[in-house]
Every structure is written in structure tokens, then in C-alpha cells.
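Per-entry structural report
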Amino acid sequence: MRFIKFIRRGMSGRRKSDSGQQDNGSKNQKKENLTANQEPRNQDLSSDLQTNLRQIRAILSECSDVIYREFDFAQDERIKLALVYLDGMVDKTRVSDQIMHSLMLDAPLVEQGEEFTRTRVFAIIKKRLLPIQQIEETNNLDQVIDAVLAGDAVLLADGCACAVINDAKGWESRSIEESQTELVVRGPREAFVETLRVNTSLIRRKIKNPNLKIEAMKLGQITKTDIAIVYIKGIVSEQVVTEVKERLNRINIDSILETGYIEELVEDNPLSPFCTVLHTERPDKVAAQLLEGRVAILVDGTPYVLTVPLLFVEAIQSPEDYYERPMFSSAMRLLRWFSMIISLLAPSLYIAIITFHHEMLPTALLLSLAAQRETVPFPAFVETFMMEFVFEILREAGIRLPRQVGQAVSIVGALVIGQAAVQAGLVAAGTVILVALTGIASFTFCYYASTSIRLLRFPIMVLAGTLGLYGVICGVLAILVHLATLRSFGVPYLSPLAPLNTGGLKDVAVRMPWWTMLRRPRLVGMVNPQRVARGLKPAPPPARGKR
Amino acid sequence: MKKLLSCLLLLIFMAGILSGCWSRKELSELAIVLGAGIDRTPDGQVMLTLQLAKPSTITGGWGGGARGIEPSAWVVSGTGKTVLDAQKRLATRISRSIYWAHSAILVFGEEAARYGIRRYIDFFLRSPYSRETMWIMVTNGEAKDILEAYSEMENTSAQDIANLARSRTGYSVNLKDFTIMLANQGTNPIASRIDLIDYSINSGGLTRAKSVMQKGAILTGTAVFHDETLAGFLDESETQGLLWLRGETLKGIISVSSLTEPGKEMSINIIRGATEVQPQYDGESVWFDVKIVIEGDLWEQQSGEEIMERQVRKAIEEEMAGEVEDKVRLALEKVQGEYKVDILNFGESFHRKYPKVWPKLKDSWDEVFAGSGVNITVEAHLRRSGLETKRTSEKE
């Protein structure tokens, strides 16, 4: 909760960029066409405390959570002080113990011969009387407003045309918990939370290196959401960092409530069904991404962190792959590739073969399927499409429904769809098995990829139902061509497969042992590629007798 | 982008409508042919018999099945001038479209086979829908009866017969190989022979009413062709001799009688072997040196010889060789003496060795073959004796 005062810098930098006319909807009446060295709303504080407070009150009118605490300075009651802060956004013990206590009660702590004057009061207060980590002095009214809204306590003094911003942020937030969406058996369990500073600390704790840079900026005209751009200097390609910053600076939106807002505004191909920006809530995954030369974008208020660039092959990579033994990890990866193919193609292959290419089935299987389908009144395409649709309904309901009714839905789903439909002869048992398999297979790889695959499954089913295997192949080719055209922040999406990079293949279908993956994946630029020293393959010590 | 997207949508939409799904066939629109039979009617027409699967009677999914109460196949026959003509007439009686791809057997009735087989298989080779992996069979009765037979193990007799053919206990040949044999000079085609067996006594009253006569199909040997017409049949032991002569399946069981104890037998499982045919030609006469080498394991011994002794083994090996030679001679006599057709691939090996003499002899090859001498030498080896060295339960 210790907020460095990076926000101001980021803000002024941001304002430089938008010399536009887009501020109609924003709450603050910002003046446009500003030069770099000036503060935007050029309203200075006055030396009169009451004037200042009146102005602040005017701006923060009807904000019932603002607290204005006026009091006298302990040393000299002629000096009037006022503290402005937002209730609920500040740490109350900090405000009372470290600010008010020292100013109201402990103040006589002054050097001999020193004289309190109205003009010098802030210099002394800042130097001796505020036992708080971070303070900042400002003479700008808007900065004061921003600080109050961000959760700082602002100290104003009568007769002084400036204010001291005390870092006293402290609000209720969720503690660090186990990841809910990306589970592993072996590996760290912690997940990001909604507070940006906690999230950066989670990354910093994993990478204790001065080269881990955390740049700050603010986005969202109304929400003023804090954003952090994280990368490791010396590993990341400068081009990518510049590109990320440029794309972020381009954003002009009223609000950023989740990383999804940013993702949509910075991705390379917004109309693609495929995701080109990774989101994760695992700090270890983000750390690994940074160490491979990627850039992370953190947003205050969400546990999801974006990393770019994203490669297609990452869809089947789980953080656990790198913690488990390579042989098992490789087997699981092959399994996930296979599952991805199943979840994309199994229903369409079923439709195509059953309606066009019966000769491809062994006789016994054909007879068994024919027997099952004898009572089914629908064509295979309609039946399978319908069942896939029902499965999607069940899945969506499973996410949205209140926990209390979860049991009921799963029973109804399993019994009605699974059993009754087959018994009633409306659906073939084989179709139910297939749909279940398809659904389960789509959970084996990353969720962001499974959404694309789920979406693409349906058009391919239509192609299979109309053109048979020919249609399926056409669909798959179209998807492959599309994937090959995609780029994520300048990196080909199918890399290292499509611009083939044999070194990168060590981490695609299999996961080679760490002592063989000597180089970082080849992204744009490829700065400092060496990752593991050579010759680290472990071996038993030489036999004692031979020495 | 919008334009492109709408174009794409339109294309996908059109694919659904314009393609018309011309080759789309739901499983419930198919009459799956499991086996086919061809007979010649007395008035010279083709009678095509199809065994069609009845999926509703084949168990799949819920609740037992109708098996045992209702046959799981429908056997239907139709006649016509050609096979296709017959099929066309059948199509007027079958509500679903006839689907050939899963037909496993093609059975010829004796009449059809004697009349000449080329005209009948043409359709199956030409049609893209049937497979060349269909097993070719000849029955000495009507093909229709074979298809109407009942199977205890499988759902239908066609699957039953196909499995019999696949297990290669006798000789079996598929349409492709049969056609190659038919097209080759210096050899004549053979096919497996299939017959009906009456097993209504065995089946008991558990699954079917006792009164119903049940017939099953059984592989009984080989049908020998002279070019395209059926010349005759070989029985099972002659077929084994034939297979050894052709060097095809040098496997099987041979039984030899005990050396010391009369009336007791030993059975040897042949595990591998090789046949070498050397054609000889001295200007006028043709003869063949056939050398058969077999290796076998002793799997059953009724008598009590000490098979671990070299002498005993030697004697058994000689008996094995004698047994093989007898069977081979038996087959040879029938083929050379009775049918006078070369179904042993001797012509081909002669052609290979004497390519210059071949053109003179090829037109009258079957006569040359019938008159040629065959020297048979058999070399037998007894390799192992199973898990026992002595007869089980023999007192020390």
C-alpha cells in the first residue's frame, strides 16, 4: 500500500500525448493544448486556508466521503492547519498517529532559536513533524484533488500557498489467495489480487533485480486507473517496450475496469477469434514471461495481468510443465495438443464421416453407430450441433448460476441430457459421448485458447455437415492461414512453428529439460538470448576406485 | 473489412444451400450390404443376392437386443441380365440406398462359377463403391443359401464367413488377388470353397425354437478354376497340400503316428517353412524339383517316446516329412491328374527361368503341366517340445 508518487509523472506524460479534443465526457474540465512543462489546470493554491478549502469543497461537492479536519498547530495556535482525505481510502491509524498526533500534540519538538513563522511552517513540518514514509509538496489545486481521490491525506496550512500530500493510503482489499482459474498440482499457489501495488510486489519478490522496471501511467479519463508496465531491461527488446507504450498512450477511454479493456484496445488483430494478448492471474507465469523477454501490463483493480507478445503455442503450455519432470510434462503437452484437435474437430469429423464417408468406418463400428441412430429422428449434423449447443448452455449456466443451485443444474444436465435423451431415442449414445469428450478436452489447455476453439467448432461443424471432410479440411486450412497472418506485437503468432525456429521447438510439443533449453525464445530483437549455461546436464560423480 | 466479412458470411451461407449436400447420406438412409452372392438362374440370368444389415436388431446402446428372435440381416434376391441390372431391380424393393462399401464377401454359386466368372466380377471391379478386399468364395450349391445361413458367433453369416476367411485356416483370396490370378498367364485362379453345415442339433433350444433348421457356413477347401470356369473342388487336406506346394501358408498341424506304440498319435505344429520350386527343361520334357522345408514344435504326444533322444527325433522328423509329402502328393494328383490345371504357380516360375521357351509353351501350358513330372523332397525339423520334455504325468 505504499504508493510511490509515480502517478504524477505518468499523468503529465500522458497529457502530453493527448492533444485532442476528446474530453467532453470527463468529469474534470481539463484544458487542452498544453505545453509539457506546465501543469494542466493551472490553478494554484491560495495562501488563505479558507479559500483553499472552499475551492476543494466546491470541486468535491456532494462527496460525502471527504473529510475536512481543521485544527491548530500545537506549537503556535495561530497557525491553522487542515487535513483533507477520503474516508475509507486512508489508513485511519496512520492519519491519527503519524499526522494528527505529531502535529497537534508532539509539535513542540523544535530546534533552539528556531522561529515558527507562517511561511516557514511547512519546511519544518516536512522536516521533523511528519513521521510518514512519503510526502510531497505541491502548490497546484488539481494535484491536491487528485491526491485526495487517490487516497492520500492532504495537509493545508493557513498563510501558505502550498499543500503537503501525505501517503496514507490504506483500504480494504482481498488477501492473496490461491488461483481460482489456473490450477497446478506442483508450483506456487498464490494469485494476483485487485491491488496494483500488491501485484507488483508479487512480481518483484520473484525477480529481485534492479533491471526489473515497473513504469507507471494512468488510463481512463474518469476512472484514472493506475497502470504499470513491467519488463526486465536487458532481456526485453526495446522495440516491444516502445510499441507497448505507444499503443497504451494511444488509448483514450473513459474507464478501465479490467485488463480486457486494454487488451481489446492494443491487440494486433481485433477481429480475429484468437487471442494475441495473454492474461493470467499467476505471478509465477508473469515472472516467467518477463524472463523470456515479454512485457507485462498490470491494471489496478483486477487480478488479471496482460503479457505481450503472445504465441499460439502458449495455449498448451502450463506453468506446471516447467516445474514437473520434463518427460511427464512432454507427455502432457502432447496430450493437450491432441485434446485441442479433438475439441476443435471431433464433432465435425463425426458429422462428416457419418453423413458422407461411411466407408471410412470399420464395419462393426458402422453397424453399431447405425443401430444407435436408427431411432434418432434428426440428421447427424442437426443432432450433433444441437448437443454441442446444449453443452454450451450447460457450461455457461454452470459459470453464472448461484452456488446454491449448482447441484440441481448438474443433475438435470447430466440426467436429462445424458441419459433421458438417449433413452428417449432423440439422441444417439455415441453423440453424447462425443460431445462430452469434446467438452472435457477443451478444458485441458489454456482457457483463453479454449474460448476461440469453442467458437470455431461451430462453423467447422456447418462445413462438415454441408461439404463433408472436404469442408472440414477447408475450414482447418482457413484457420491455419489466418493463424499464420496473425502477429502479436510484431512477433508472428505461429512462431516458432511458422517462421520455423528449431531452437524454439524445444518448448513446443515437448518440454525439454532445463539443461538443454540454453536460449530464450526468439522474439523480436532477441536481446541477451543465453538463459542456461552449457554443460549443466547432471551426472553421477566418477566412481571412487577409478580416481 | 465489413465488405469482406459479409462476403465470407454469404459464402458460408451459400455453401449450405447450393452444395445441396449431393453425397450426403444419413446412416438411416443406407442399406448396408454385408455380403453378396451371385447365382445363375436356369434361364441364364444373373441372380444377385444381398445380405443387408438390419441395424435395429443389432444391439447398440440400450437394452439387450432382438438377436436370437429376429435375424439381424435381410437377405434379398433379384434377377437381371447383368449384376447392375439385378441391383437396379432390387433397388425398387429396398427402401434405402444400397451401400456396397462394407460388403465383406462375394459368393458364387456353382452354376455361375462353372459358366464363367469374369462377366460377374467386372461390375465389382469397375464400381467405385465396392471394395476389392471382398473375399471371393465359391459354393457347390447356391450362393443365396450361404447368405441365408445363420451364425452363432457373429451378427450375420457374412461377417462370420469373412472372419473365417481372415483367420486363414484354409485358403482365402480377396477380389484383387483373384483378379490378378485371373489375369496372369501360367497360373489359374483358386478361391475358397464354402458350404453349409446343419447344426440345428447343436444349437439346442436356448436361443431358437428347436423346430427351425439352422444352417451355418463352413470353409471346406478350395475351388479350382480353369481360367474363368470352375474345374472342381479340393477338400481340406488337399488344400493343405496345395498351400504347401504354393509355399503360401506353411502353417498348420500335422499328426504322425507313434513309432513304438501303434494307435497313438503325435501332433506337430508347423511354425515356419519354405517351398522352393525349380523348373527343369531339357528340350522336350518339363519337370519340377520341389523342395519343402518345414519346422515344427511337438504340441501333443499320446505315446511315450523319449523325444529328447536324437534317434527318436530323427525318426519323428522323417515321419513328418512323409506326412507332408503324402498330402502334397494327394493335392498334386488331383490338380495334375484330375483337373489338369496349373494352380501351383509352376507356370510362372517356369516363365521366370526359361523366358525364351515360355512363348512356345504358354498356349498349351496346362497340358504341359499335366504331363510334367514333379520330384518332391521334404525336409522336416522338430525344434521344440512345448513346455514338457516328457509326456505329462509319466512316472520317472
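Quick caveat: nothing in here was measured; it's all calculated off a predicted structure. (Residues numbered from 1 in each chain as written. Chains lettered and ligands numbered in written order. Predicted model: local features only at pLDDT ≥ 70, side-chain atom pairs only at ≥ 80, totals over all residues.)

In this structure, I297 of chain A together with I105, F108, M137, V224 and V324 of chain B are the most contacted members of the largest nonpolar core, which totals 185 residues. In contact with F108 of chain B, not counting residues within four places along its chain, are I38, A113, I117, Y120, M137, V138 and A143 of chain B. In terms of nonpolar packing, the next biggest core, distinct from the first, is built from 31 residues, Y85, V90, L103 and A168 of chain A among them. (Core = buried A, V, L, I, M, F, W, Y, C linked by C-beta atoms within 7 Å. Buried ≥ 20, exposed ≤ 12 C-beta atoms within 10 Å, placed from the backbone. Contact = placed C-beta atoms within 7 Å.)

Right, let's talk about the environment of R384 of chain B for a bit. Within the fold, R384 of chain B resides in strand β13 (residues 373–384). The exposure class assigned to R384 of chain B is exposed, which follows from the 12 C-beta atoms found within 10 Å. (Helix = DSSP H or I, 4+ residues; strand = E, 2+ residues; numbered from the N terminus.)

For helix α5 (residues 141–150) of chain A, the complete set of buried residues consists of L141, Q143, V144, D146, A147 and V148 of chain A. Of the residues one or two after α5 of chain A, G151 of chain A is the one with positive phi, at around 105 degrees.

With 26 residues of chain A at the contact, the number on the chain B side is 26 residues. The set of elements that each furnish at least two residues to the side of chain A that touches chain B consists of α10 (326–355), α11 (363–373), α13 (406–423) and α15 (447–467) of chain A. Counting residues per element, the side of chain A that touches chain B draws most heavily on α11 of chain A, which supplies nine residues. Split by residue class, the side of chain A that touches chain B holds 16 nonpolar, seven polar and three charged. (Nonpolar A, V, L, I, M, F, W, Y, C, P; charged D, E, K, R; others polar.)

Now for the domain arrangement of chain A. By a widely used convention, the size of an interface equals the accessible area lost when the partners come together. Residue and element names in this part refer to chain A. If you check the domain split of chain A, you get domain 1 (1–26 + 174–310), domain 2 (43–166) and domain 3 (326–492). Summarising the inter-unit geometry, the C-alpha centres of domain 1 and domain 3 are found 35 Å apart. When contributions to the side of domain 1 that touches domain 3 are tallied by element, the ones reaching two or more residues are α7 (238–250) and β8 (278–280). Ranked by residues supplied to the side of domain 1 that touches domain 3, first place goes to α7 with four residues. By residue class, the composition of the side of domain 1 that touches domain 3 is ten nonpolar, six polar and two charged. (Domains from an automatic or database assignment.)

In low-pLDDT regions, the fine details of the predicted coordinates are not to be read closely. All names here are of chain B. For chain B, the average pLDDT comes to 85, and 89% of its residues sit at 70 or higher. For residues 60–68, every residue scores under 50 in pLDDT, and the model assigns this stretch 19 contacts once sequence neighbours within four places are set aside. This stretch, residues 208–212, has a pLDDT under 50; its non-local contacts, to residues over four places away or in other chains, come to four contacts. If you check the scores for this complex, the pTM reads 0.83 and the ipTM reads 0.83. (pLDDT = per-residue confidence, 0-100.)

This part covers the environment of A147 of chain A. Residues and elements named next belong to chain A. In this fold, A147 is placed in helix α5. Along the sequence, A147 and A420 sit 273 residues apart, while their C-alpha atoms lie 62 Å from each other. Residue contacts for A147: discarding those within four places in its chain leaves D152, V154 and I165.

Residue and element names in this part refer to chain B. Within the open sheet, the four strands sit side by side as β10-β11-β12-β13. Their pairing is mixed. Across the chains shown, the open sheet's two edge strands, defined by having one partner strand only, are β10 (252–257) and β13. Averaged over neighbouring strand pairs, the angle between their axes works out to 35 degrees when direction is ignored. Strand direction decides the pairing type here: strand β12 (residues 286–301) and β13, joined by eleven bridges, are parallel. Residue pairing for β13: K291 is matched across the bridge by T377. Its contacts with the sheet put helix α10 (residues 310–339) on β10, β11 (265–281), β12 and β13, and the angle it makes with β13 is roughly 140 degrees. Strands β11 and β12 of the sheet are contacted by helix α11 (residues 346–353), whose axis makes an angle of about 40 degrees with β11. (Pairing = 2+ DSSP bridges. Axes fitted to C-alpha atoms, helices over the stretch in contact; angles between N-to-C directions.)

Take the domain arrangement of chain B next. All names here are of chain B. Partitioning chain B into domains gives domain 1 (27–56 + 68–234) and domain 2 (243–396). Summarising the inter-unit geometry, the C-alpha centres of domain 1 and domain 2 are found 32 Å apart. Domain 1 puts 13 residues into the contact, and the matching count from domain 2 is 17 residues. Counting only elements with at least two residues in the side of domain 1 that touches domain 2, the list comes to β8 (215–226) and β9 (229–234). The element best represented in the side of domain 1 that touches domain 2 is β9, accounting for three residues. Among the residues making up the side of domain 1 that touches domain 2, the classes are represented as five nonpolar, seven polar and one charged.

Within a sheet, neighbouring strands are paired by backbone hydrogen bonds and run either parallel or antiparallel to one another. Residues and elements named next belong to chain A. Across the sheet, five strands lie side by side as β1-β2-β4-β5-β3; this open sheet has antiparallel pairing. For this open sheet the edge positions go to β1 (66–72) and β3 (135–138), each flanked by a neighbour on one side alone. In this sheet, adjacent strand axes meet at a mean angle of 20 degrees when their direction is disregarded. In this fold helix α2 (residues 49–59) packs onto β1, β2 (80–86) and β4 (153–157), with an angle of close to 15 degrees to the strand it touches most, β2. On top of the sheet, helix α3 (residues 92–104) reaches β1, β2, β4 and β5 (163–166); it is set at about 170 degrees to β2, its chief contact.

Our next topic: the packing of helix α12 (residues 380–400) of chain A against helix α14 (residues 429–441) of chain A. Residue and element names in this part refer to chain A. Viewed as axis vectors pointing N to C, α12 and α14 meet at an angle of 45 degrees, and their least axial separation amounts to 10 Å. When the axes of α12 and α14 are compared, the pair comes out oblique. Viewed along their axes, α12 and α14 form a crossing whose handedness is right-handed. Two secondary-structure elements touch here, α12 through E383, T384, M387, E388, F391 and R395 and α14 through T431, V432, V435 and G439. (Parallel < 35°, antiparallel > 145°, perpendicular 65-115°, else oblique. Left-handed = near helix turned anticlockwise from the far one by under 90°.)

Before going further, it helps to examine the pairing of strand β7 (residues 225–232) of chain A. Residues and elements named next belong to chain A. Counted residue by residue, β7 has seven buried out of eight residues, so it is predominantly covered. Joining the antiparallel neighbours strand β6 (residues 212–219) and β7 is a turn of five residues, in which G220 adopts a positive phi near 95 degrees. With four bridges connecting them, β7 and strand β9 (residues 295–299) associate as antiparallel partners. Paired with I229 across the strands is I297, a residue of β9.

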